[in-house]
Amino acid sequence: MQQIQVGIIMGSQSDWPTMKEAADILDALGVTYEKRIVSAHRTPDRLWAYGKSAVERGLKVIIAGAGGAAHLPGMMASKTRVPVIGVPVQTRALSGVDSLYSIVQMPKGYPVATMAIGAAGAANGGLMAAGILALSDPALAERLDAWRAALSDSIPEEPQDA
Ligand code: RP5
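Residue numbers restart at each chain and count upward from 1, following the sequence in its written direction. In view of the model being predicted, local features appear only for residues whose pLDDT reaches at least 70, and side-chain atom pairs are presented and counted only at 80 or more, with totals across whole chains, interfaces and linings using the full set of residues.

Looking at an unreviewed UniProt entry, one finds the protein chain named N5-carboxyaminoimidazole ribonucleotide mutase, with Seohaeicola zhoushanensis as its source organism. UniProt positions are given in the numbering used here, feature names are shortened, and annotations may be inferred rather than shown by experiment. The annotation that UniProt attaches to the protein chain under Pathway (unreviewed entry) is "Purine metabolism; IMP biosynthesis via de novo pathway; 5-amino-1-(5-phospho-D-ribosyl)imidazole-4-carboxylate from 5-amino-1-(5-phospho-D-ribosyl)imidazole (N5-CAIR route): step 2/2." The record held by UniProt for the protein chain lists under Sequence similarities (unreviewed entry) the comment "Belongs to the AIR carboxylase family. Class I subfamily."

J.: Help me understand the site of the ligand, please; the structure alone is not making it clear to me.
T.: All residues in the neighbourhood of the ligand are listed as G11, S12, S14, D15, S39, A66, G67, G68 and V89. Note on residue categories: nonpolar means Ala, Val, Leu, Ile, Met, Phe, Trp, Tyr, Cys or Pro, charged means Asp, Glu, Lys or Arg, and polar means any other residue, Gly included. Of the residues assigned to the shell around the ligand, the class counts are 2 nonpolar, 6 polar and 1 charged. In this text, near has one meaning. A residue is near a molecule or strand if its C-beta atom, placed using the backbone, is within 6 Å of it.

J.: It is not clear to me how the nonpolar core should be interpreted in this structure. Could you clarify?
T.: One recurring pattern in soluble globular proteins: nonpolar side chains tend to sit buried together. In plain words, the nonpolar core is the set of buried Ala, Val, Leu, Ile, Met, Phe, Trp, Tyr and Cys residues that C-beta atoms within 7 Å link up. With C-beta atoms placed from the backbone, a residue is labelled by how many other C-beta atoms lie within 10 Å of its own: buried for 20 or more, exposed for 12 or fewer, partly exposed between the two. Core analysis: the biggest nonpolar cluster contains 44 residues, and I63 and L72 have the highest contact counts within it. Strands here mean DSSP runs of E at least two residues long; helices mean DSSP runs of H or I at least four residues long; both are numbered from the N terminus. Sorting the residues of this core by element identifies β1 (6-10), α1 (16-29), α2 (44-53), β3 (61-66), α3 (72-79), β4 (84-88), α4 (97-104) and α5 (119-134) as the ones contributing at least two each. When residues of this core are assigned to their parent elements, the largest contribution, 6 residues, is made by α5. For the purpose of contact definition, each residue receives a C-beta atom placed from its backbone, and two residues are in contact when these atoms lie within 7 Å. Ignoring any residue separated from it by four or fewer positions in sequence, one finds I63 in contact with V6, I8, A22, I85, V87, G125, G126 and A129.

J.: Can you walk me through the sheet that holds β1 in this structure?
T.: In a beta sheet, neighbouring strands pair by backbone hydrogen bonds and run either parallel or antiparallel. Paired strands are those between which DSSP finds at least two bridges. On the basis of which strands lie adjacent, the open sheet formed by 5 strands has the order β2-β1-β3-β4-β5 and parallel pairing. Strands with a single pairing partner mark the edges of an open sheet, and in this sheet they are β2 (33-37) and β5 (113-114). Here β1 pairs with β3 via 5 bridges, running parallel. The partner of V6 across the bridge, within β3, is V61. Sheet strands in contact with α4 are β3, β4 and β5, and its direction is about 160° off that of β4. All axes are obtained by fitting lines to C-alpha atoms, using only the stretch in contact for helices, and the reported angles, taken between N-to-C directions, cover 0 to 180 degrees.

Here is the structure:
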């Protein structure tokens with residue numbers, strides 16, 4: 001069985017449409033991952049067990065998405081030294097600013113690499129994880145360079161009429 005490199009975790013099933021953006025990027029780049037619902041509030045024991053075993057299970061990066069009182073990324077960063085990328089999920093009540101503030105203001109000592117709110121943040125979380133892994137994986141580095149070049153090439157020089 002292939003070693004899982006990235007853990008994509010989220011606070012709720014309702015976060016999956018956002019976090020799938022990260023999974024799609026990892027699929028496109030050939031990075032192995034698992035996806036799990038791990039809620040800081042509803043399944044705290046699951047959070048603890050996941051964080052406690054992350055290093056021994058060989059995870060290299062964790063992408064954690066949550067919305068509202070979004071404590072999952074920070075709590076995971078407290079429990080494991082595996083780098084945690086935080087994705088603030090967009091909420092209806094406060095548009096995800098609540099999620100962003102909950103994730104980004106970590107106390108000194110336990111960092112979370114916080115992405116933008118919503119789908120772009122989740123996709124960038126996937127790219128950030130791939131970039132970290134590419135430092136020690138030349139084949140992945142080549143695929144990531146090609147992905148970036150293709151995106152660049154897809155941008156027209158002139159705007160078109162609608
Ligand atoms: C958070 O509460 C989750 O990360 C989710 O973004 C938000 C709402 O969860 P549900 O009520 O949709 O399950 O814990």
